[in-house]
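Residues per chain, in single letters:
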Amino acid sequence: FYRTAFFPIDGQVWGDDAAWRSNTQLVWNGTMTAENSTIANRWQNYYKGIARALRIINNLEAKGGDLGLSDAKLQQYKGEAYFYLGFAYGTLAFHWGDVILDKTGMTLEEAYSASRSPKAEVVAYSMECFDKAAQMLPVTYGGVQRATKGMAYSFKARLALYNGDYSTAATAAKACMDLGVYSLHENYEDLFNAGNSPEWIFVFKGDYALKQYYWSASDCQNYAPRLIGGWGTCGPSYELVFAYPCTGGLP
């Protein structure tokens, strides 16, 4: 259920933070279509995750008393599933607009005739799922990281920002801050090499010794200088550099 493929991150070069030395990109050119493999895989993986989340919820509600789980665990697992529904539908609506909205777990026959729901309806359901997750999830865990109350609040705030709903974003962000669990890292430069940080809310953590990495880390050689074995293909754009003000406050 927590496969990294179900939680994708947009590529650095999709925005204006990075510049390629040797070629342009599909987003810059306005030529990205549904035939792009990244796009097709994301659509598929979001709905795989949604199907699993709905299966978890349906089974817990139908058989919860027979599973030998405490009420707290039942609530936690449902909360984790609702968190994913909120994340997946919110992200689908952000990238695609109108998308298929399945709230119950449709059959294959139903899927063949399914049609897209309006973006506003999908976003509203995503917000509802985040609210349910926030009610059900614990604030912290010991051991392996799982979805938390703060994750539900923070992802709701992000979704609200994406849709220009600043009042909802502020309320959700304040609720996350009031948990007293997260704070900004003491040293911004150190954050990039930190082994842990109170700033991290949801992280898939790699391991250098085991050569285990996620997402853009697989593309490190494109970003690294040639003197240390990289290709020097991609680097910070002017837009990214200018996003950092000098000590005097100017770009």
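**Points about the pattern of salt bridges**
So, step 1. Tallied over the entire structure, the rule returns 6 salt bridges.
So, step 2. One salt bridge connects Glu61 with Lys78, and the closest N-O pair in it is separated by 3.3 Å. With a gap of 17 residues between them, Glu61 in helix α2 (residues 37-63) and Lys78 in helix α3 (residues 71-96) connect regions that are remote in the sequence.
So, step 3. For Lys78, a relative accessible area of 15% translates into the label buried.

**As for helix α6 (residues 149-162)**
So, step 1. End to end, α6 covers 20 Å across 14 residues, agreeing with the expected 20 Å (1.5 Å per residue, within 8%).
So, step 2. Counting buried positions over the 14 residues of α6 gives 10, a clear majority of the element.
So, step 3. Looking at the buried positions of α6, the neighbouring elements they touch are α3, α5 (119-136) and α7 (166-177).
So, step 4. Just downstream of α6 lies Gly164, where phi reads positive at about 70 degrees.

**Some thoughts on the side chain of Arg42**
So, step 1. If you trace the backbone, Arg42 turns up in helix α2.
So, step 2. Exposure remark for Arg42: the relative accessible area of 10% places this residue in the buried category.
So, step 3. In terms of polar contacts, Arg42 uses its side chain to reach the backbone carbonyl oxygen of Ile9, at 2.7 Å.
So, step 4. Contact partners of Arg42, with chain neighbours within four places excluded, come to Pro8, Ile9, Asp10, Gly11, Trp14, His95 and Trp96.

**Some details on the packing of aromatic side chains**
So, step 1. All told, the structure shown has 24 aromatic pairs when counted by the stated rule.
So, step 2. When the centroid spacing of 5.8 Å and the interplanar angle of 65 degrees are considered together, the rings of Phe1 and Tyr84 count as edge-to-face. With Phe1 in the segment before β1 (18-20) and Tyr84 in helix α3, the pair connects residues that are 83 residues apart, well separated along the chain.
So, step 3. With centroids separated by 5.1 Å and ring planes inclined at 55 degrees, the aromatic side chains of Trp43 and Tyr47 adopt a geometry described as tilted. Taken as a pair, Trp43 and Tyr47 lie in helix α2 at a separation of 4 residues, close to a single helical turn.
So, step 4. Ring pairing ties together the aromatic residues Phe1, Tyr2, Phe6, Phe7, Tyr46, Phe83, Tyr84, Phe87, Phe130, Phe155, Phe202 and Phe204, which thus form one cluster.
So, step 5. Note that Arg158 overlies the ring of Phe155, its terminal NZ or CZ placed 5.2 Å from the centroid.

How each quantity is defined
Residues numbered from 1 in each chain as written. Predicted model: local features only at pLDDT ≥ 70, side-chain atom pairs only at ≥ 80, totals over all residues. Heavy atoms only, no water. Salt bridge = Lys/Arg side-chain N within 4 Å of Asp/Glu carboxyl O. Helix = DSSP H or I, 4+ residues; strand = E, 2+ residues; numbered from the N terminus. Buried < 20%, exposed > 50% of the residue type's maximum accessible area, 1.4 Å probe, protein only. Expected span 1.5 Å × (residues − 1). Contact = heavy atoms within 4.5 Å. Polar contact = N/O pair within 3.5 Å; in protein donor to acceptor, adjacent residues only side chain to side chain. Phe/Tyr/Trp six-rings, centres within 6.5 Å; stacked < 30°, edge-to-face > 60°. Lys NZ or Arg CZ within 6 Å of the ring centre and 35° of its normal.

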